[in-house]
Structure formats: structure tokens, C-alpha cells
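Below are the chains, spelled out letter by letter.
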Amino acid sequence: MQKSFDTNQKKLYIVSTPIGNLSDMTYRAVDVLNMVDVILAEDTRNSGVLLKHYHIETSMLSYHEFNKNEKENMILSMLHEGKNIALISDAGTPGISDPGYEIIKSAIDNGFDVIPIPGASAILAALVSSGLIIQPFTFIGFLPRKSSEAKSLLSTYTNRKETLVIYESPLRIDKTNRMLHEILGNRNVSYARELTKKFETIYRLNLEQAIHQTFDQRGEYVIVIEGNFQEEHFEISIFDHVKQYIDMGYDEKDAMKQVAKDRKITKSEVYKVFKIEH
Ligand code: SAM
């Protein structure tokens, strides 16, 4: 088979692996994991199952949240020696709510090539199956453990229009739902559970319903939340709104155009009100 990578040395490959279903592995990912000199794995026992399934015999080194800093120099030395290295995580794409960022940044800063080998990630699978607006979206990842910190983070998104994506453990799902409802109000939401696995379930409901729903405490969840589409309430009159832009340096025509855009009304509506009060 023709290899889809070149064999120049000194590369760090960021290789996506399945998020449950072992068949979600790309041909290229298998090629790269076979070709590299060493695989950095978050949990070597867990990744051992994947490597065995694909008859990959490359040796693994552990690289996880708690040893990532002490391993950095050793990994950079291996790249300096001309070794090819692949980074994988327990599931999905490394660096996405998984270790990876630090070594990726450090490899780039030291002049090494960092090559992504795309594949599974729970974010996109959950987002595209949610039925909610796909873009723009913001990936929040895991919320902070402390409620006060989680609430304060969520409140920065209250007025944002984009779809939000959150990773959550099933043990915290009920508490998180109450918090989402309290901070964001009622919105459409989708819960993608156990994607690509036997008990894959996608619940599409709203947060009002979600706080009364019993969610299975087993499996993994991605929560996708609709953006804020409430009509914006303007405290100032149309006349003062136009004046505000004029004071900022807009000419009258552009100021009216901008106000129409902000308030999602036609330019002639703005013109009528502005000229009457002028
Ligand atoms: N790196 C992974 C990725 O690219 O999606 C994410 C790793 S993060 C430690 C694990 C979280 O991802 C889970 O708590 C869950 O929110 C989400 N997740 C991973 N696999 C999933 C799956 N099969 N179904 C639903 N959510 C999943």
C-alpha cells in the first residue's frame, strides 16, 4: 500500500484513535502508528488493546496528565535524535480535553514538524447529530469542578448566539443540567451518550425537560446547547441609538444603517423614526 506520509525524520504525529468503536480507525492512522519509532500513549494498557487489534508492534511510552512535564525533555531529545513519534490518547483526538497541548507547542517551538492524523473526536460527532445549528460553535470542554467557577464561566456565554459543546461525566450530568438551566435559561439541547458504541443514545430535548429527565449514570456524554436567540432588548430609543453612532463618528446614513443591523429592522423603519424626531 502506498504510504500517505513521507519518511523524513523529526516529526511528531498527532494521531486520532476511535472513541469507542474500534473500526473508526483510519488507514493512515494505522500506517503512521506502524511507521513511527515510538508511540506516546496516555494509558499504555488501554492503547495496547487498540494496537493488538491492528497488529501494531511499535513500542509505547506513557505520556499523561501527571507526567507530561517531566517527559517533555526526553521527547524533545528523541525528536532531536531524528526519531518519529506519534501521540495518541485513550480515545479520540489528543489535545482535545486530553494531554497533548504542551508537547505539541514545545515541538513547534523547537522547530519540529507536527503532523495531524485526523479521525474520531466526540465533539464533531455530537455536534453534527444534535440537530442544532452547527456553526458557529464554541467548544467549552469539561466545566470546572467547582460550581461557583462553572457558573461564572457559563454566565460569560449567556448572551452568545453560538452553539455550545460541553463534555460531561455521567455522574455530574444532573447537577450540570440544573446549572445550565439556571444560568442559560430554557434552550434546546442534545445529549450524545456512548457515541459509536453499543448503547449509543442521542436525547434531543430542552433544558426544562432535561432537569426532570433521568439520565443513565453510565457511559460518556457530550452536551450540545443551542445559542441565545432571544430578541435583544434595547434600553435606548432608535433616535438615541442613531445619535450614539453619530457621536462615535459615523455619518448619518451609516449610523442609521448600523442601527437597522443591530436591531434587525429595515433601514426605512430607522429612517422614519429618526427623521420624525430630528
Ligand atoms: N480526546 C477525546 C475527543 O477527541 O473527543 C475526548 C477525551 S475526554 C477525556 C473524554 C470525554 O469526551 C468524555 O467525558 C465525554 O464527554 C467525551 N466522549 C468521549 N468519547 C465519547 C463517546 N463515545 N460518546 C460520548 N462522549 C464521549
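Refer to the preceding data block for the structure.
Residue numbers run consecutively from 1 along every chain, following the written order of its sequence. Since the coordinates come from a predicted model, pLDDT governs what is reported: local features require at least 70, and pairs of side-chain atoms require 80 or more to be given and counted, while whole-chain, interface and lining totals use all residues. Derived side-chain values reflect all non-hydrogen atoms in the structure, with water molecules and hydrogen atoms excluded from consideration.

Visitor: Any chance you could explain the site of the ligand here in plain terms?
Guide: Neighbouring residues are identified by heavy atoms, a residue being near a molecule or strand if any of them is within 4 Å of it. With respect to spatial proximity, 19 residues lie near the ligand, and among them Asp98, Ser121, Tyr167, Leu195 and Tyr221 are the closest. Between N or O atoms, a polar contact is any pair within 3.5 Å; within protein, one atom must be a potential hydrogen donor and the other a potential acceptor, and residues adjacent in sequence are included only when both atoms are from side chains. Between an oxygen atom of the ligand and a main-chain N or O atom of Glu168, the distance comes to 3.4 Å. At 2.6 Å from an oxygen atom of the ligand is found a main-chain nitrogen or oxygen belonging to Tyr221. Computed with the Shrake-Rupley method and a 1.4 Å probe, the accessible areas treat only the protein chains shown as cover for residues. For the ligand, the accessible surface in isolation is 570 Å², of which the surrounding protein chains cover 91%. Amino acid classes used here: Ala, Val, Leu, Ile, Met, Phe, Trp, Tyr, Cys and Pro are nonpolar; Asp, Glu, Lys and Arg are charged; the rest, including Gly, are polar. Of the residues assigned to the shell around the ligand, the class counts are 10 nonpolar, four polar and five charged. Shared between two domains, the shell around the ligand takes at least three residues from each, and those domains are domain 1 (11-120) and domain 2 (123-225). Domain borders in the structure are assigned automatically or taken from a domain database.

Visitor: Whenever I open this one, the sheet that holds strand 10 (residues 221-225) confuses me. Can you help?
Guide: Picture the strands of a sheet paired through backbone hydrogen bonds; they go either parallel or antiparallel. Here we have five strands laid out as an open sheet, ordered 6-7-10-8-9, and mixed in their pairing. Of all strands in the sheet, those with a lone pairing partner are strand 6 (137-142) and strand 9 (201-206), marking the two edges. Direction aside, neighbouring strands of the sheet carry axes that sit 15 degrees apart on average. As paired strands, strand 8 (residues 188-193) and strand 9 are joined by six bridges and run antiparallel to one another. Among the inter-strand pairings, Ala192 is bridged to a residue of strand 9, identified as Ile202. Relative to strand 10, helix 7 (residues 173-184) is tilted by about 10 degrees, and along the sheet it contacts strand 7 (163-168), strand 8 and strand 10. Between any two strands, at least two bridges found by DSSP are needed for them to pair. Helix and strand assignments come from DSSP, with helices taken as H or I runs of at least 4 residues and strands as E runs of at least 2, each series counted from the N terminus. Angles here are taken between N-to-C directions and fall from 0 to 180 degrees, while the axes themselves are lines fitted to C-alpha atoms, restricted in helices to the stretch in contact. Whether two residues are in contact is decided by their heavy atoms: any pair within 4.5 Å suffices.

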